[in-house]
Amino acid sequence: MRSTLLAIAPLALIAAPAFGQTADVTGTVTIDGSVAGRCLFTTPNDTISLGELALGGTGATAGQLDTSKVNGQTATLVGWCNNAAASMSVTTTELTNPAAAATGFDNRIDYTATATANSVSANDSSLTVGAGSDENVGMFIGDIDVVLSAASTPNSGLLVAGDYTGNVVVTLSPDFFTN
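The rules behind these values
- Residues numbered from 1 in each chain as written.
- Predicted model: local features only at pLDDT ≥ 70, side-chain atom pairs only at ≥ 80, totals over all residues.
- Heavy atoms only, no water.
- 1 Å grid on protein atoms, 1.4 Å probe; cavity = no way out; pocket = protein on both sides within 12 Å on 5 of 7 lines; lining within 4 Å.
- Points joined across faces, edges and corners; volume = space filled by probe spheres on them.
- Helix = DSSP H or I, 4+ residues; strand = E, 2+ residues; numbered from the N terminus.
- Nonpolar A, V, L, I, M, F, W, Y, C, P; charged D, E, K, R; others polar.
- Disulfide = S-S within 2.5 Å.
- Buried < 20%, exposed > 50% of the residue type's maximum accessible area, 1.4 Å probe, protein only.

Visitor: Would you take a moment to explain the layout of surface pockets for this structure?
Guide: Unfilled space is identified by rolling a water-sized probe across the atoms. Its boundaries defined by the atoms lining it, the largest pocket holds a volume of some 660 Å³. As for the largest pocket, its lining consists of 30 residues, and the residues nearest its centre are I48, L50, L95, G166 and N167. Secondary-structure elements contributing two or more residues to the lining of the largest pocket are strand 2 (74–81), strand 8 (140–152) and strand 10 (165–173). Counting residues per element, the lining of the largest pocket draws most heavily on strand 10, which supplies six residues. Split into classes, the residues belonging to the lining of the largest pocket amount to 19 nonpolar, eight polar and three charged.

Visitor: Would you mind going over the state of the cysteines with me for this structure?
Guide: In a disulfide, the sulfur atoms of two cysteines are held together by a covalent bond. Scanning the model with the defined rule gives one disulfide in all. With its sulfur 2.0 Å from that of its partner, C39 forms a disulfide with C81. What sets the handedness of the C39 and C81 disulfide is the S-S torsion sign, and at about 115° it is right-handed. Within this pair, whereas C39 is found in strand 1 (residues 39–43), its partner C81 is found in strand 2, the two being separated by 42 residues in sequence. A relative accessible area of 17% places C39 in the buried class. Given a relative accessible area of 2%, C81 falls into the buried group.

Quick look at the structure:
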């Protein structure tokens, strides 16, 4: 009988109810990730074709810069920034013709370019070296309108014949830095 009791004793321990735990317990899995600040142009290029840049006719200003061919001209880029501290700056290079300019002639056209995104404008003049000031455009998606203005030549001279080229570079940055 003793061996029967010893054989039943372990079964009794298995079948005995657990004492002390009166509530459920839980474990937690934390999930995390991140998204880096980023800006992107979805339409990174556009062209402004100015056509004939010199005034026509036979008057005293014939052959000089027709500022109406530059001022008010526009282009549209499209982009986005996903950071509330995103910035935009503009860098211009003057319109130049590689041909030499004799006395009384100009082979350079200066201008100001203004880019607007998220109701914030940044600009630069080709009269100064380097980019214009960084402006905080914040988080946005959409058009970046570029407008030309303040066209001029160094000497108000006659324009040298040939092709003139320049550019406007709009820079988006996910971080706002002042320069």
